[in-house]
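Architecture and fold: a report
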Amino acid sequence: YTWNVSRGCKHGCRWVMPNGDVAVCYAESVANGIASAAYPGGFENPTWHEEALEDPVRIKEPARIFLDSMADLMGIWNTSEQIEQVLDVCRRAHWHDFLLLTKNAPRLRMFKFPPNVWVGASMPPSIMHGKELSLDQQRQMLRVTLSTLAEITATVKWISFEPLSFDVGSCLAWASEQYGAVLQWAVIGAASNGPTIYQ
């Protein structure tokens, strides 16, 4: 299941792949394509959908639920109160596992996550908020992400390396030396192969 109380994102992420192709955030592509009717203001104008808050409680069979597949719950446009509303539902719907994914990892430090929330962060982009990030900046962003995940308490900590746009080995080795095992799960998704897979 997917559950998007928050919909849309202002990050504007792009990834320059090793072959020079530019990958666009999959959620932005979907929102501005086949799901455009659900995003009348465009993906870059996030909206909050209070009416969807209780949806997981209505699902009685245990499920794995991606709680921000078309958003970034930790985006600065969502208030702490809104985020706590989502986490409260996760606590009450304790029979589900919820997957949270963010590009704003430092904000994770502000919250206590119930044990059924798997806390994840995304691969740093090459372009964010319209600004190009150098490879050194991307690596530094990944180190901050890994150190944040090391500091927070979560049953499962994970990273989506999608797309895998640069060699992350040195950053993972650094995190292992600093903190030991940081990640319980890593995803390398289809977008690493660029948009050709959708054609």
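This structure is a prediction, so every number in the text was calculated from the model and none was measured.

Structural notes on the pairing of strand β7 (residues 117–122)
- With 6 of its 6 residues buried, β7 lies for the most part within the structure.
- Where strand β6 (residues 97–102) lies against β7, 5 bridges are found, and the strand directions are parallel. Residue Phe98 lies in a different strand from β7, and its bridge partner there is Val117.
- Pairing of β7 with strand β10 (residues 157–160), which is carried by 4 bridges, proceeds in the parallel orientation. Counted as the bridge partner of Gly120 is Trp158 from β10.

Thoughts on the side chain of Asn78
- Among the structural elements, Asn78 can be located in the loop between β5 (64–66) and α3 (80–92).
- Here Asn78 falls in the buried class, since its relative accessible area comes to 3%.
- Here Ser6 takes part through its side chain, which lies 3.1 Å from a polar atom of the side chain of Asn78.

Some points on the packing of aromatic side chains
- Following the criterion strictly, the structure yields 5 aromatic pairs and no others.
- Geometrically, the ring pair formed by Trp158 and Trp185 is tilted, given 4.8 Å between the ring centres and 35° between the ring planes. Remark: Trp185 occurs in strand β11 (residues 185–187) and Trp158 occurs in strand β10; sequence separation between them is 27 residues.
- Its relative accessible area of 3% is what places Trp158 among the buried residues.
- Assessed through its relative accessible area of 32%, Trp185 is described here as partly exposed.
- Relative to Tyr179, the ring of Trp174 lies with its centre 5.9 Å away and its plane at 85°, an arrangement referred to as edge-to-face.
- Its relative accessible area of 24% is what places Trp174 among the partly exposed residues.
- Judged by relative accessible area, Tyr179 falls into the partly exposed class, the value being 35%.
- Ring-pair connections join several aromatic residues into one group, and the members of that group are Trp118, Trp158 and Trp185.

Let's talk about the environment of Asp88
- Within the secondary structure, Asp88 is located in helix α3.
- Between the alpha carbons of Asp88 and Arg107 there is a distance of 17 Å; along the sequence they are 19 residues apart.

Conventions used here
- Residues numbered from 1 in each chain as written.
- Predicted model: local features only at pLDDT ≥ 70, side-chain atom pairs only at ≥ 80, totals over all residues.
- Heavy atoms only, no water.
- Buried < 20%, exposed > 50% of the residue type's maximum accessible area, 1.4 Å probe, protein only.
- Helix = DSSP H or I, 4+ residues; strand = E, 2+ residues; numbered from the N terminus.
- Pairing = 2+ DSSP bridges.
- Polar contact = N/O pair within 3.5 Å; in protein donor to acceptor, adjacent residues only side chain to side chain.
- Phe/Tyr/Trp six-rings, centres within 6.5 Å; stacked < 30°, edge-to-face > 60°.

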